[in-house]
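# Report on the structure
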Amino acid sequence: MIRTPVKASKTYEIYTGSGLLDSCGKVMREVSPQSTKLLIISESNVAPLYLDRVKDSAVSEGLEVFTFVFEAGEASKNINTISGMWGVMAKAGFTRTDLVAALGGGVTGDMAGFAAATFLRGINVVQIPTSLLAMVDASVGGKTGIDLPEGKNQVGAFWQPSAVIEDTDCLKTLPDEVFTEGMAEVIKYAYIMDTSLYSLLEEKAFLGIGIRENATLMERIVGMCVADKADVIMSDEFDNGRRQTLNYGHTVGHVIERNSNFTKPHGVCVAKGMGIIIDACEKAGTLASEEASKMRALIKAYGLPVDDDITPEDVVSGAMNDKKKRGNTLSVILVNKIGVSEIKKMTPDEFLKFLKGDGASC
Ligand code: GLY
């Protein structure tokens, strides 16, 4: 097991390893010793697989366990589902020292985190991510929230968990396409900040998504990603600077995702977004062609696409409607050398020229 400390507005640890679900009650007891009640929040795909194990582990630590299982999918990520969670806690008499656990992927973690952040003005939450994407990204760093009809994650709060418990055995039951989309976020860390992770992913690229069969390797890879994310969170918890580098590929990816009415998976869109930025940096002459080719090849090796038929005009108009936009400029994340990222402010016009390869330098 790997233990990764995070020191932000809350100090906590990320536990990454095989078989951790059966001891998650012990961690919950340690990080929230005064809790008597626990609400486990999960969704309809994950609950049948893992809910009983988490529940048994918590009961063995003397916690009185309540459960809330919602219909899996982004469509559930709304205030009605949160209201159901608040209702269970209110009826059961939860107090400020009681605890919430989020068992599932990114949607579960975001919603359970938001319910915990807002119930009684904030109670402890433990994140137990079961997807690769949630393990390496969503569960770490305290971003919580729900969607509005007007857009994804429009309402939310920063609310750091009290612990993140990542049982890498859960990766074995993920459908291939769900595992694959998580690899986009893994590759993102390699590109923005981690040459050791890049070398490891390149060395194992011949395995493709077959790497999931190797438990030790997956523990190592997930551990490297969470250490990277923890490092970023510790230097910019509230997303005013360096944390924005985690959006590499996302500015373009979010537009592709929205334009597909969310039928294209998030990680696939991030991979496409990274590919489009790689092409633009290569055309601008700031990213060497050899490096650009290596970057595209790695994304493809793990079963992900590097292009899309979206036009530069559609990318720019979509990006201007993104909630992450500040004022009239866009913060575009660039990688001109593997392992090094920068935040470049661009006007919509500059961004368009950059995407078209019309002489705008990056
Ligand atoms: N998912 C990006 C972040 O946590 O900031």
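A few points on the structure. Every value quoted in this text rests on a predicted model; they were computed, and no experiment measured them.

## Section: the overall build of the chain
Broken down by element type, the chain carries 13 helices and 11 strands. Relative to the 2.2 N^0.38 estimate, which gives 21 Å for 362 residues, the radius of gyration of the chain is 20 Å and therefore close to what a compact globule would have. When the backbone C-alpha atoms are referred to their principal axes, the chain occupies close to 65 × 40 × 35 Å. Residues classed as buried in the chain amount to 56% of the 362 residues present. Contacts spanning at least 24 positions in sequence make up 75% of the contacts within the chain whose residues lie at least 6 apart. For the chain, the accessible area works out to roughly 14,300 Å², and carbon and sulfur atoms hold 50% of it. Taking the 38 positively charged and 47 negatively charged side chains of the chain as two groups, their mean positions are separated by 4 Å.

## Here we look at the site of the ligand
Taken together, Asp137, Lys143, Lys229, Arg243 and Leu246 make up the full set of residues adjacent to the ligand. Within the side chain of Asp137, a nitrogen or oxygen atom sits 3.0 Å from a nitrogen atom of the ligand. Contacts to the ligand include Lys229, whose side-chain N or O atom sits 2.6 Å from an oxygen atom. Starting from 200 Å² of accessible surface for the ligand in isolation, the protein chains cover 87%. Tallied by class, the residues present in the shell around the ligand amount to one nonpolar, no polar and four charged.

Criteria and cut-off values
Residues numbered from 1 in each chain as written. Predicted model: local features only at pLDDT ≥ 70, side-chain atom pairs only at ≥ 80, totals over all residues. Heavy atoms only, no water. Helix = DSSP H or I, 4+ residues; strand = E, 2+ residues; numbered from the N terminus. Rg over C-alpha atoms; globule rule 2.2 N^0.38 Å. Buried < 20%, exposed > 50% of the residue type's maximum accessible area, 1.4 Å probe, protein only. Contact = heavy atoms within 4.5 Å. Areas by Shrake-Rupley, 256 points an atom, 1.4 Å probe, with all protein chains shown as cover. Lys, Arg positive; Asp, Glu negative; His and termini not counted. Charge placed at Lys NZ, Arg CZ, Asp CG, Glu CD. Near = heavy atom within 4 Å. Polar contact = N/O pair within 3.5 Å; in protein donor to acceptor, adjacent residues only side chain to side chain. Nonpolar A, V, L, I, M, F, W, Y, C, P; charged D, E, K, R; others polar.

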